[in-house]
Structures are given as structure tokens and as C-alpha cells.
Amino acid sequence: MRRHPLHRRTLTTVLTLAAGSVLLTACGGAAAGSGDDTGNAVTGAHGVKINIGPDQHRIHGVKDPKIAALVPARVRGTGELRIGVSADGSPPLTFHATDDKTLIGVEDDIATLVADTLGLKPRFEPLSWENLFVGLDSGKLDGVFSNVTVTEERKDKYDFATYRLDQLAMEAKKGSGWKVRGPKDVAGRTIAVDSGTNQEKILVDWSRQNEKAGRKPVDIKYFHKPSDTYLALQSGRLDGFFGPNPTAAYHVNTAGQTEIVGTFSGGGSVRGEIAATTKKGSGLVKAYAAALQKVIDDGRYGKVLARWGLTGEALKSSRINPPGLPRTAN
């Protein structure tokens, strides 16, 4: 799936421009309980602090011998878990810390919990989207934690252990009083969306439904730069921006100038789930699912989601190869 390219430096610029003042500020001291140096936290209007420094003080898991025994001997013998993550991800998924070299984010945190539970050292490999799957196919990677949605097509080649809901969010100017639950709520509205994404498909479909029902269509806008999107939203030229929930939640939590007025499954009518991905038949998916269930049950998983503002995407259980997004027509 495609993701909105909000890197850390870009996001700082976006938030500063959007409000006409510095909305995303370096913290004058350490983030609460983090021990970070100045400049290693972003602070929102309500005091929400997210550590974006290289010293993450990550929440770690504890090795579970029974679950670790599920790992194939060939992997267990290396002492490492080779994990693919996105080299061009967006906050808070995988992105670079303030040193511009350390990879941080919710995906890295969850992968670390899994590796800890399996008694293995995580070795992260930042790769482009297509090369994540090449790495799995070639055996260079043991798994991918990179906002991968389960689809029926992908299940032909890969095994999945789910760990987050795949959600989209409608972001609007704070205090808009607007709630979006379906097509009629966006009739006649001006909304920005990235081209070629699931959210664009949903928005186009809603617009068509509105026209058939005699309502106004959606005025869909496309912006090349995130800064342009947020400037238009803040100035009132846009009613909303329809994008991935994690990046919207990060923006809301750090800027304090917008709000989420509706969330939806990334699969449209199908419940979308994000999953740890491994080559089909690698023998690792049961270990991943068991490790994820362990950290879900012991609360560590919830703490990781909370520190990145993604509690709303929590799952109660990790499922192996659940029904995925339907196959696309040839």
C-alpha cells in the first residue's frame, strides 16, 4: 500500500507553515520519563510528547522459551531476526530520528517486542517498498514489519500474523464540528487525497454514490507536497484530508491544530489488518503470531501503541492469514 511521504523534517516544516507559527517545537528539557536531550521530543498543544530522538528507551519484551522453540532451527541458530522496514516511511511508522540516521517508529518497536520474545536480536534492513518483498523472496529477510496489509493476492506468496488494524482517517481543522461516517457526509465537500491509494478509491466511490442519490459530488483535490495540503486545510480551502490513520494521528498529536473526524477500514467494506509478513512456508508465522499474542496479553503491545498515539488501531488477538482484501480484477 502507498503511504503519505511525511518524513520528520518535512513534517516539522508542514506544521510550522500550517499555523503561521511554530506548532512543532523542540522540548526545552527531557520528555517525561525518557531521559532525552533537548530537541528529541515533539510537543503538541496539549502537552503530548513523542520521543523522536535516537535514544528511544524502547519497551522490550521478555524471552518466552516455549514460543522461542517455534522458531525454525536455521533462524534460531543465527541469534538474529532479519527484519525489513521501509526506507522511506512516514511518522510514526518507520522514520529517522533527530540524528537523521537512527530508524525509529511504531513498526520498529513492535518488531523489537517480537524479536525479544523469541530470544533473538532484531537486525533492521531499511529497504524500498518493492525490495521488502524481494528480500523475503530471496531469503535475505526473515520478516517484514512495514504497514503491510493482508490481501488475498499476497497470501499466495506470503504468510501473515496480524498486529494492527489498517485504518484511514479524515482529518479536518480543529473545531470543525464535522463528523464523517459515509458518503452523504462528504457531499459537496472539498477533500484532498493522494492519488493511487485505497483512500482515493473510497472517496471516488463515495462521490459516485452521492451523485446517484441526487447529492453533490465530492470536490477531490490533489497536492504534491504535504505542506501545501496542510496550508490549504488550515486556511479553509479544504474541508478535509483523507489519508492513513497513523500519519493523521501523529499530526493531530504533535500539531494540535487539526482533528480526526472519521476513521475507516483501509479495505473499504472489508476489515483491513496490518501484519508481520514472512515468506510462505518459512515456518516463522506461528512464532510471530504467538509472540505478538504474548505481548498483547502482557500489556507491552498496548504501551507501544500508546507512545505513538495509535491505541485506536489495537487488536485483541494476532491472527494467522485471516481473510484479506479481495483480489483485484485482471
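Residues numbered from 1 in each chain as written. Predicted model: local features only at pLDDT ≥ 70, side-chain atom pairs only at ≥ 80, totals over all residues. Heavy atoms only, no water.

### Quick look at the packing of aromatic side chains
Per the stated rule, a full pass over the model turns up ten aromatic pairs. Ring geometry for Phe145 against Tyr163: centres 5.5 Å apart, planes inclined by 25°, an arrangement best described as stacked. Taken together, the positions of Phe145 in the loop between β8 (143-144) and β9 (158-165) and Tyr163 in strand β9 put the pair 18 residues apart, joining distant regions of the chain. As far as the burial class goes, Phe145 and Tyr163 line up, both buried. Between the aromatic rings of Phe242 and Phe264, the centroid separation amounts to 5.9 Å while the plane-to-plane angle is 90°, which identifies the pairing as edge-to-face. One end of the pair, Phe242, is in strand β13 (residues 240-244); the other, Phe264, is in strand β14 (residues 258-265), and 22 residues separate them in sequence. Aromatic rings pair up to connect Phe95, Tyr250 and Trp308 into one cluster. (Phe/Tyr/Trp six-rings, centres within 6.5 Å; stacked < 30°, edge-to-face > 60°. Helix = DSSP H or I, 4+ residues; strand = E, 2+ residues; numbered from the N terminus. Buried < 20%, exposed > 50% of the residue type's maximum accessible area, 1.4 Å probe, protein only.)

### A word on the nonpolar core
Grouped together as the largest cluster of nonpolar side chains are 45 residues, with contacts concentrated most on Leu81, Val106, Ile110, Leu118, Phe145, Tyr288 and Trp308. Those elements that provide at least two residues to this core are β4 (80-86), β6 (103-104), α4 (106-117), β9, α8 (245-255), β15 (273-279), α9 (285-298) and α10 (300-307). Ranked by the residues each element gives to this core, the list is headed by α9, at eight residues. In this structure, Ala172, Trp178, Ile202 and Phe264 belong to the second largest nonpolar core, which totals 15 residues. (Core = buried A, V, L, I, M, F, W, Y, C linked by side-chain atoms within 4.5 Å.)

### Thoughts on the sheet that holds strand β12 (residues 219-221)
Strand order in the open sheet formed by five strands is β12-β11-β13-β10-β14, with mixed pairing between adjacent strands. A strand with exactly one partner marks an edge of an open sheet, and here the two such strands are β12 and β14. Strand-to-strand, the axes of this sheet are offset by a mean angle of 30°, without reference to chain direction. Here four bridges tie strand β10 (residues 167-173) to β13, and the two strands are oriented antiparallel to one another. Along β13, the bridge assignment pairs Leu168 with Pro244. Most of the contacts of helix α6 (residues 198-212) go to β13, to which it runs at about 135°, and overall it touches β10, β11 (190-193), β12, β13 and β14. (Pairing = 2+ DSSP bridges. Axes fitted to C-alpha atoms, helices over the stretch in contact; angles between N-to-C directions. Contact = heavy atoms within 4.5 Å.)

### Examining a positive patch on the surface
Residues Lys179, Arg181, Lys184 and Arg215 make up a contiguous surface patch of positive charge. Note that Arg181 resides in the loop between β10 and β11. (Patch = residues over 30% accessible without salt bridge, like charges linked within 9 Å, V, L, I, M, F, W, Y side chains within 5 Å. Areas by Shrake-Rupley, 256 points an atom, 1.4 Å probe, with all protein chains shown as cover. Salt bridge = Lys/Arg side-chain N within 4 Å of Asp/Glu carboxyl O. Lys, Arg positive; Asp, Glu negative; His and termini not counted. Charge placed at Lys NZ, Arg CZ, Asp CG, Glu CD.)

### Focus on the packing of α4 against α10
Two elements in contact, α4 and α10, have axes whose closest approach is 10 Å; the angle formed by their N-to-C orientations is 165°. By the criterion of interaxial angle, the relationship of α4 to α10 is roughly antiparallel. Here the hand of the crossing between α4 and α10 comes out right-handed. The residues of α10 that touch α4, namely those facing Val106, Asp109, Ile110 and Leu113, are Arg300, Tyr301, Val304, Leu305 and Arg307. Looking at side-chain class alone, the contact of α4 with α10 contains six nonpolar, no polar and three charged residues. (Parallel < 35°, antiparallel > 145°, perpendicular 65-115°, else oblique. Left-handed = near helix turned anticlockwise from the far one by under 90°. Nonpolar A, V, L, I, M, F, W, Y, C, P; charged D, E, K, R; others polar.)

### Overview of the confidence of the model for the chain
As a note on interpretation, predicted positions should not be read in detail where pLDDT is low. With 85% of its residues at a pLDDT of at least 70, the chain reaches an overall mean of 86. Counted against residues more than four places away or in other chains, residues 1-38, with its pLDDT under 50, gives 93 contacts. (pLDDT = per-residue confidence, 0-100.)

### Remarks on the environment of Thr277
Residue placement: Thr277 occurs in strand β15. Sequence-wise, Thr277 and Asp142 are 135 residues apart; in three dimensions their C-alpha atoms are separated by 8.6 Å. When neighbours within four sequence positions are excluded, Thr277 is seen to be in contact with Leu136, Asp142, Gly143, Val144, Val148, Tyr158, Asp159 and Phe160. There is a polar contact of 3.2 Å between the side chain of Thr277 and the backbone oxygen of Ala275. (Polar contact = N/O pair within 3.5 Å; in protein donor to acceptor, adjacent residues only side chain to side chain.)

### What to know about α10
Those residues of α10 that sit buried are Tyr301, Val304 and Leu305. Taken end-on, α10 shows its buried residues confined to a sector of 95°, consistent with a single buried face. For α10, the secondary structure elements touched by its buried residues are α4, β9 and α9. The first or second residue beyond α10 is Gly309, which carries a positive phi of 75°. (Arc of directions from axis to C-beta.)

### Quick look at the pairing of β15
Where burial is concerned, most of β15 is hidden: six out of the seven residues are buried. Bridge count for β9 against β15 is seven bridges, and the pairing is antiparallel. Its bridge partner being in β15, Tyr158 is matched across the sheet by Lys279.

### Remarks on the side chain of Asp108
Here Asp108 is to be found in helix α4. There is no salt bridge for the buried Asp108, and the closest opposite charge comes from Arg58, which lies 4.4 Å off by N-O distance. A distance of 2.8 Å separates polar atoms of two side chains, one belonging to Asp108 and the other to Thr94.

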